[in-house]
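Read off the chains here:
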Amino acid sequence: MKKILVACGAGVVTSTAAMNKLQEELANRGISTDEYTLGQSSVAEVQSLASQYDMAITTTQYDNDAIKIPVINGLPLLTNIGVDTVIDKVVSELGL
C-alpha cells in the first residue's frame, strides 16, 4: 500500500479538491483505493510528516531537499491543465 500526502497552504480546502481529483484520475486508470492511501496536511507540515509517506503532492511551491520522498507539483489537479502529466508521475514514482 502506497501512501500519498496531499498538501496545500492551510491543509484544508485546496488539498481536499486536489485529493478528489487525484482519486478520480487514478480510478480512471484502473487504480483502486486498495493500492494507496491519502493523507492531508498543510505545506508547513510536509517535512515533519514525510517519513510516514511515499510521496507528497503540493498545490503550492515546495522546495525542500531535506525530505527523501518525491514531491510533485499538484497545481494541475486544480487547474485541469497538465493533469495527465501529474498522474503519470504519480503512477511512475509509486509503481502503481
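Rules used throughout
Residues numbered from 1 in each chain as written. Predicted model: local features only at pLDDT ≥ 70, side-chain atom pairs only at ≥ 80, totals over all residues. Heavy atoms only, no water. Core = buried A, V, L, I, M, F, W, Y, C linked by side-chain atoms within 4.5 Å. Buried < 20%, exposed > 50% of the residue type's maximum accessible area, 1.4 Å probe, protein only. Helix = DSSP H or I, 4+ residues; strand = E, 2+ residues; numbered from the N terminus. Contact = heavy atoms within 4.5 Å.

Participant: Looking at this structure, I do not really get the nonpolar core. What am I missing?
Facilitator: Within soluble globular proteins, side chains that are nonpolar tend to cluster in buried spots. If you look at the biggest cluster of nonpolar residues, it comprises 18 residues, and the most contacted ones within it are Ile4, Leu22, Leu26, Ile57, Leu77, Ile87 and Val90. The set of elements that each furnish at least two residues to this core consists of β1 (2-8), α1 (13-28), β3 (55-58) and α4 (83-94). The leading source of residues in this core is α4, at 6 residues. Not counting residues within four places of it along the chain, the set of residues in contact with valine 90 comprises Ile4, Leu22, Leu26, Met55, Ile57, Ile72 and Leu96. One finds Val43, Ala50, Ala56 and Ile67 within the second-largest nonpolar core, a separate group that totals 10 residues.

Participant: Any chance you could explain the environment of leucine 78 here in plain terms?
Facilitator: Within the secondary structure layout, leucine 78 lies in helix α3 (residues 76-79). Separated by 64 residues in the primary sequence, leucine 78 and threonine 14 place their C-alpha atoms 7.9 Å from one another. When near neighbours in sequence (up to four residues on either side) are disregarded, leucine 78 contacts Thr14, Ala17, Ala18 and Thr59.

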